[in-house]
Every structure is written in C-alpha cells, then in structure tokens.
Amino acid sequence: MAIILSAKKVIKRFGGLVAVNSVDFDIPEKSIVSIIGPNGAGKTTFFNMITGFGKIDEGEISFEGTPIHRLRPDQITNRGISRTYQNIRLFPDMTALENILVGQHLFLHSSWISAVLGTPRVRAEEQMALEEAQRLLNFVNLKGKGDMLARNLPYGAQRRLEIARALATKPKLLLLDEPSAGMNPRETEDLTEFIHRIRDDLGIAILLIEHHMRVVMGISERITVLDYGEKIAEGTPSEIQSNPRVIEAYLGRGAATEGMANAHERYSDNKTETPSQ
Amino acid sequence: MMIKKENLIWIAIKTGLLSGVIAIFLCLIGMIEVFSKRDVIEHIITLGDFILLVSAVSAGIIAARAASNPDQEKQPLKNYLAGALAGLTTGILIIAFIGLSQTINLRSVFLSASPSLFKLLTFKGGTSWIWIYPSIGLASGLLGTTLFLLPEKFRQPITRAIFITFLMALFSGLFRVIMINRAGSIAKLAKYLFGQTGLTLSGATIFFVAIIAISMFWTARSKNLQEGFSRIPKAGQTSLRVALYVLLAYVVIMLPQVSGPFIAQVVVIVSLYALMGLGLNITLGFAGLLDLGFVAFFAVGAYTVGLLTSYGIFGLQHIPFWVAVPIAVLVAMMFGAFLGLPVLGVRGDYLAIATLGFGEIVRLLAGSDFLAPFFGGPQGIIGIQKPCLGTLGEFLKVDVPRICNGIEFGGPKEIYYLAVASAILVAFIALRLQKSRLGRAWMAIREDEDVAEALGINLIQTKLLAYMLGAAFAGLGGAIFTVLVGSIFATSMQLIVSINVVALIIVGGMGSIPGVIVGAIALIGMPELLREVSEYRFLFYGAALIMMMLAKPEGLWPSQATLRELHHEDPGEDLDVASSQAKA
C-alpha cells in the first residue's frame, strides 16, 4: 500500500536531551498505526514534530511525497494532517458548533469585506458550513448539543467533539493523542469502534498514541515502540507482544521472561487506575 | 450548621462597622459635602444623604442575609435583630466620627474635613445629631432587613423602582431643561415632576409607583405578551419591529435639536469612546490581544485628518474632511499592522507592556520638539476645517479656505450625527465580523492560539487583521474628534484614554458589542453628565471595576456565549445518558 507519511532519521533535541533519536517511521494509506512506549519516550514530541508544533533538528518528514517539516502548523493542516490532544484542548468558551466551524476555516473562503457586506455567496457558504458542522456533530453522536459551550460538555463528549473538530479539516491522516485517557471500559470499547468507523467510512489513516494496551492491540495494524527517543521495535501487534526488547523497556530487565500479554495486561490495568498526567 | 447567637451579633456589628467606615471615608474625601449640593428629592433628600442612607440600608441587607440560614425556615426576628444592629452600628460610628472631629482637628490631615462638612453633618450645629444618626441608622437597618425578607416578586420591583427613580433624579435637571422649552402643558409637567437639581416629591412618588406597577405587570404578563407577539402573523411582526426602529431613529435624530449642545457633546464623546471601544473589542474582546496603547490609533486618525484639512501652518493639504477620513482610516490600519508585526509572537503580559510602550511613543513623538516642524509639537495643529455637506463644486476645490454653502458640521449638535452614524455603522461592521469566519478565527486564537493554528488558521494574517481593523475604528474616532475640537494637541492622547477604553470594555462585557455601548455610556457618559461625579471619576472607576469583577465578571451586557452558558446550568448528566443511548 502507498505510504502517506514517512519520517526519515528524525532527530529532536531539547538542550542536551535527545527527545527523538533518528527515528524512521512510515504510515500506509488508510491504516491504523500506533506508537507506544513508557512515559517520556518521546511519543508526544514525535506527534508535535509531525504537526509542526516543534521543528525537527535533523532528518525529514514527508507527507504524500513532499517534505512538510519546514511548514507552519496551519500549512501542515492544509496538507491534510489533523490532530487531537492528550489533555483535551477545545475552545472552552465557544459552542460545540463553533468549535467545528473553526475546524472548517480552511474550506471557507469569504473575505472579511464580503462578510461585512453580507453577500449572497457568503451566506450560502455559511449555510453549507453549518450543515457540514451538523453532519459532523451527528457523526460523533452529539446531535442537538451544538449550542452548548464546549466546556459544559461531559468528558466523553468533549473527546468526541475534539475528534469532530479535527475531522472538520478534512484530514487524510488523523493523529489521536491518548484518546482513551480517563475513559471507563465501556467508553473505551465505544471509542475503538468509533476509530474503526472513521477509517472505514471516511478512509482516513490514523496514528494513535495510546497507553491502553487492550485498545492498542485490538485496533492497530502496525505498532511502533519508542523508548528514550529511539525506535526499539516495529511490527504487528502479535510481533510486538512477543518482542523481548519491548517487555524490557516496559518492565525492566528480568521481566522479559514473563509472558508479554500478561505483562501488558498488568501495565494497562495500572494505567486505567491512574490516567497519565 | 447552626449560626451561634454571639456569632450573629458579631457579624451584624462587623457589617455595621464596615458600612460606617465607608460612610466616614466618603465624608473625609469630600464626596458627601459635594453631593449634598444636589438633591435627589427636592428639599428632602440630597445626594449626599442618599449615599449615607444607602450605606446603612445595605448594611442592613447584608447583615440580614448573613443571619438567615438557608437550611432552616426563615426566622424574621433574628434577621431584624441583625439588620437593626448593623444599621445602629453604622449610625453610632458616624456620631463617633462627628464627636471626634469636635475634639481633634481632623483637617490637619484630611483637607475635606472642613467646618462646612461638619455643619452639614450636625444639621447646622446643635446636638440633635446625637440621636438622629443612630435612629436613622436603626430605621435603615430595619428597612434593609424588610427588603431582604420580602418575597422575590415584591423585592425586585421595589429595588428596580428605587434604582430607576434615583437615576431619574440624577438626570432630572436634563429632563427639565429639555421639557421646559416645549409647549405650555409639557413645561408645566416638567415643573411638576422635576426640580432644579432633583425630583420633586410628587415626581419621585409618581415615578416610584409607576415603575413598581410596570415592573410587576411585566413580570406577570411578559410571557403572555411574548406569546401574543409570536401569534401576530410574520408580516405584522416585521412591521411592528420596523415601527419600533423608526421610533428609535426619530428619537436619535431629534435628540440634539431638543436637548441643546451640551447633551449633544456628551453623546459625541460617548460615541467616540464607543468607536474606540468597538475597535479594542476586536483586538482584545475577540482576538484576546491586550492593547494598552490603543490611544495611538486614535492619535493617528486625528493627526492624519488634521494634517490633511488644516488651514494652519502645519496643514499639508486642504482636502475636504470626507476625503481625509478614509485616508485617516487607512493610515490607522497601516499603523495597526506596524504595531502588530513586531509583537506577533508576544503573548499575555508582555504584549500589554509592549503596546503600552507603543502608545506612549506615539504620544511623545507627536508632542516632541524633534517632530514639531511636522506635527506642531506642543502647539499642536489648529485651524482644522469643519466638514461640509455642499455642492460638488465646493467639494472639488483644493486650495484656499472653503466657504461652506451647504450644511456645515460646525458644532456638537451637527457632529452628533456624524459620530452617532459612525458608531452605528462600526457596530454593524463589528457584528458582521463577529459572526464571520474571521470572527471565529479570532475567538479561536483568544481561546487557544496553538490549537487554532493547528486547525489551519494563519496566525500572522488573522492577528494582523485584528490589529488593523481595531486600529481603523479608533482612527475613525480620532478623525471625528479632530473636527469636534477643531485642533489637536498631543496632550489629549494620554495613557488614561487607553485605560478608559479597556475599563469600558471590561465593565460592558468582554467581546460583547452592545456591552461596549453600555460600558461607554456608564463609564464615560454618566461622569460627563454629572459634574459632581466627574470630580470623583477615578474613585468611581475603581469601585465600578472592583464591583464588576466581584459581582458580575461577565460585564453589564455579556456576549452571547456567556449568556448561553448561563442558560445551560448543569447539562452534564442528561447528555451522558443521551449519548450512551444513541450508541446502544
């Protein structure tokens, strides 16, 4: 399958610390790929590199064959990459509908002068944008909640609204940073289904950072494991589960002899009790 | 939790002490003395008395509230005890203060503690004050408690009536002036209702009773009225609305003719501040970019028009005002971009300081000797031509002084129309912008800059537009200010203007367009109209800002989003249920 995003020998340093060290990484089109690793492994940093939040020091990131690592975040979004955040970052004092409308910013073209004049074209465009926003609200099961302020929505709804807002930019690649954080098992199951639906219905490739092992193993087609900024393993879920380096990274030397599935189970239970950060 | 009796007494005394200290403070800064020259109800209550009364009554209300326990049923006796005690304490504190003043010369420290103040406070000498203050305090405390204990449906109309009657009393001189020049019966009515500085007793009674009646009727019937309105066919609704707008337009158009130049001038100043407020509302209210040097754009607009139209020695051109204004707006926009570019990456507190510096630089440069050959330095620019609506021939003349054959916008009564029309136009533009794609982008930047950028918003472009459009509105304000005054001096571009604009936005409601107008009326219009208050303008500002932050941080007329938030009090539960049902 064609590769949509490819990172080559990406290095990011914070002072003396090498947060991401020479990582190679590919995402095939319409696939679901995960990055896992212990806390501080450089996962979110890597995310930020892709979306342009921080500039990489060396290497190259290309999207659909063209390099994007020198572009501004808004330009990268324009190319078709969108993301959500580990700790939800909605626009809290705007309504759910307005949050999604902001996501559509790139597809609305009316200038401020025509907006002031209220030309028919602007009105038609706004009408279409509203309809699209309603459609997205329905897609994430938030029908009828469009007029509520984002901060007044319950936690799960906020997570879904954030995804809807990201989808409003019509991405080809969606980056989800710990989408299941703080969710109960039932919600997590719904989320897994929902992520599948995004990929199957909309044909969007998905890159996940996730601590919840049941989600990762159940949903990913490929998994990349980072530890101390370096890629230590890559493969299908079953390959990762039996990889001794991965077990070592998570549980320390010696634990590698234990069954990986078992170990991961323990890790993920740990995680659900204390959601990270 | 039970409130213990000792505790209750202590709370009541504390409240009384606090209100007493406030009353003494107001006496010592001279406010009571100044305000006693103006009546609320003619020959009965002066503004000074009224303020002292309000402090005692509020002490009663606060103490009564503290004494009531929401878990228990109401115990009026306890409330009355607390209220009375608080009022009494206020009164006793005031007599202690008067007593002290007779043994110690307070004037050596407090300049306003003058003999005339104490003559006023002791009711022209004598000793009757010793028992008058405690008994009035006691009565006020009891009155406050009664107000507190009244059921909501009575309390609201009464407080509303007191407040509106008070406002009518404050502005009664204006109403009187407006009405007394009319035909016989209106003049008679004016004399019946309004005294020289306050309401007459009959006027006050009529307003008080009428407002209570209207208010109670409204609460009882507003729902029916609204339903009735929605039952009217669509065309009828539109024509009703149109009729309302026409009526409003008529009032706005007729006002300067009826009220005379003073009111017109006040409205012009309010409109100019509203223009600046609407401009800053775009940068600060919408895009969240604090600008403490906003007066700079006002100055740019003013100086551009001045230089382009003045017949004085600094006038570069003598083009008509109507051509100069668009140029001034464009120049202000350029300055907006010029300020915006270097501070694009600056956030929060640093931005405030950077813009503060910018404002001061513009003022200092404009008034400096260095640039005096261009901007007149401390002498300023004088001889600015008034706008003229005339024939095209006049319009095209570019040289020597133009004689206005058409309508000249010479004084405040004419410039009133220019200022009000500009404010309405700009408010309309701001409303359209707010609801547009650009408005949403600004708000997104205000809420979370990084996320906004990650959603495809070009920060540079969007922020620059916020600075530029905000500056354009302020520039228009400056242009009108110039022709109002007929001259420009750098000293009118003080930092305090910028601070006023920020304050009026906060008081009105951040990000709310009607809020800007309300804020401009409350913070600029009221002190202009009431000369007594304008002496204590900054005290008034400070108190208003602190009270707003404590009691109504969303502002007098909050933006739509804030209102919506108040409508959805606790939506959390049902949504969870709804969403899980939708999924199941």
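Residues numbered from 1 in each chain as written. Chains lettered and ligands numbered in written order. Predicted model: local features only at pLDDT ≥ 70, side-chain atom pairs only at ≥ 80, totals over all residues. Heavy atoms only, no water.

## Topic: the interface of chain B and chain A
The line we're drawing: Should any heavy atoms of two residues lie within 4.5 Å, those residues are counted as being in contact. Defined here as a combined quantity, buried area equals the accessible surface (1.4 Å probe) lost by two parts on assembly, summed across both. For salt bridges, the criterion is a side-chain nitrogen of Lys or Arg within 4 Å of an Asp or Glu carboxyl oxygen. Counting of polar contacts relies on pairs of N or O atoms within 3.5 Å, with two restrictions inside protein: one atom must be capable of donating a hydrogen and the other of accepting it, and residues adjacent in sequence are counted only when both atoms are side-chain atoms. Strands here mean DSSP runs of E at least two residues long; helices mean DSSP runs of H or I at least four residues long; both are numbered from the N terminus. Here the nonpolar group is Ala, Val, Leu, Ile, Met, Phe, Trp, Tyr, Cys and Pro; Asp, Glu, Lys and Arg are the charged ones; every other residue, Gly included, is treated as polar.
Opposite the 39 residues of chain B that make contact, chain A presents 43 residues. The contact between chain B and chain A buries some 3,900 Å² in all, and 61% of this surface belongs to carbon and sulfur atoms. On the surface where chain B and chain A come into contact, there are 3 salt bridges. Residues A:R89 and B:D450 are paired through a salt bridge, measuring 3.3 Å at the closest nitrogen-oxygen approach. For the pair chain B and chain A, the number of links is 10 residue pairs in polar contact (both at pLDDT 80 or more). Of all the secondary-structure elements, those providing two or more residues to the side of chain B that touches chain A are α18 (412-434), α19 (437-447), α20 (449-454), α21 (459-485), α26 (560-567) and α27 (572-583) of chain B. Here the side of chain B that touches chain A is composed, by residue class, of 20 nonpolar, 7 polar and 12 charged.

## Some details on the environment of B:A64
Residue and element names in this part refer to chain B. As a reminder of what qualifies: For every residue, the accessible area (1.4 Å probe, protein chains only) is compared with the maximum for its type, and the residue is labelled buried under 20%, exposed over 50%, or partly exposed between those bounds.
Within the fold, A64 resides in helix α3 (residues 47-67). Relative accessible area serves as the criterion here: at 0%, A64 is assigned to the buried category. A64 sits 53 residues away from I11 along the chain, and the two C-alpha atoms are 9.7 Å apart. Leaving out residues up to four positions away in the same chain, A64 has contacts with N79, A82, T145 and F148.

## Digging into unusual backbone geometry
Positive phi, normally seen in glycine, also occurs at A:Y228, with a value near 45°. The topology assignment puts A:Y228 in the loop between β9 (222-227) and β10 (230-235). Phi angles above zero are rare outside glycine, and B:H43 is one such case at about 65°. You can call B:H43 exposed: its relative accessible area is 72%.

## Comments concerning the pattern of salt bridges
All names here are of chain A. One pass over the structure, following the stated rule, counts 23 salt bridges over all chains. One salt bridge connects R13 with E58, and the closest N-O pair in it is separated by 2.9 Å. Highlighted residues: R13 in strand β1 (residues 3-14) and E58 in strand β4 (residues 58-63), separated in sequence by 45 residues. R13 gets classed as partly exposed once you look at its relative accessible area, which sits at 36%. Among the residues examined, E58 registers a relative accessible area of 38% and is labelled partly exposed.

## Overview of the domain arrangement of chain B
Quick reminder of the rule: Each domain's limits were defined by an automated method or a database of domain assignments.
On domain assignment, one finds that chain B holds domain 1 (1-149) and domain 2 (263-494). Spacing between the C-alpha centres of domain 1 of chain B and domain 2 of chain B amounts to 47 Å.

## Focus: helix α13 (residues 295-309) of chain B
Quick reminder of the rule: What a helix is expected to span follows from its residue count: subtract one and scale by 1.5 Å.
Helix length check: α13(B), at 15 residues, gives a terminal C-alpha distance of 21 Å against a target of 21 Å (1.5 Å per residue), a fit within 8%. By the criterion of burial, α13(B) is predominantly enclosed, with 15 of the 15 residues buried.

## A few points about the packing of aromatic side chains
Residue and element names in this part refer to chain B. Formally: Centre distance within 6.5 Å is the pairing criterion for rings of Phe, Tyr and Trp, where only the six-membered ring of Trp is used; planes under 30 degrees apart are then read as stacked, over 60 as edge-to-face, and the remainder as tilted.
All chains considered together, the criterion is met by 20 aromatic pairs over all chains. Taking the centre distance of 5.6 Å and the plane angle of 50° together, the rings of F97 and F118 count as tilted. Separated by 21 residues along the polypeptide, F97 in helix α4 (residues 76-103) and F118 in helix α5 (residues 115-121) bring together distant segments of the chain. Side by side, F97 and F118 carry an identical accessibility label, which is buried. Summarising the aromatic geometry, the rings of W322 and F409 are spaced 5.6 Å apart at their centres and angled 75° between planes, so their arrangement reads as edge-to-face. With W322 in helix α14 (residues 321-340) and F409 in the loop between β4 (407-408) and α18, this residue pair connects regions lying 87 residues apart in the sequence. On the accessibility criterion, W322 (27% relative accessible area) is partly exposed. Overall, the relative accessible area of 10% leaves F409 in the buried class. In this structure an aromatic cluster arises from ring pairing among F294, F297, F335, F338 and F358.

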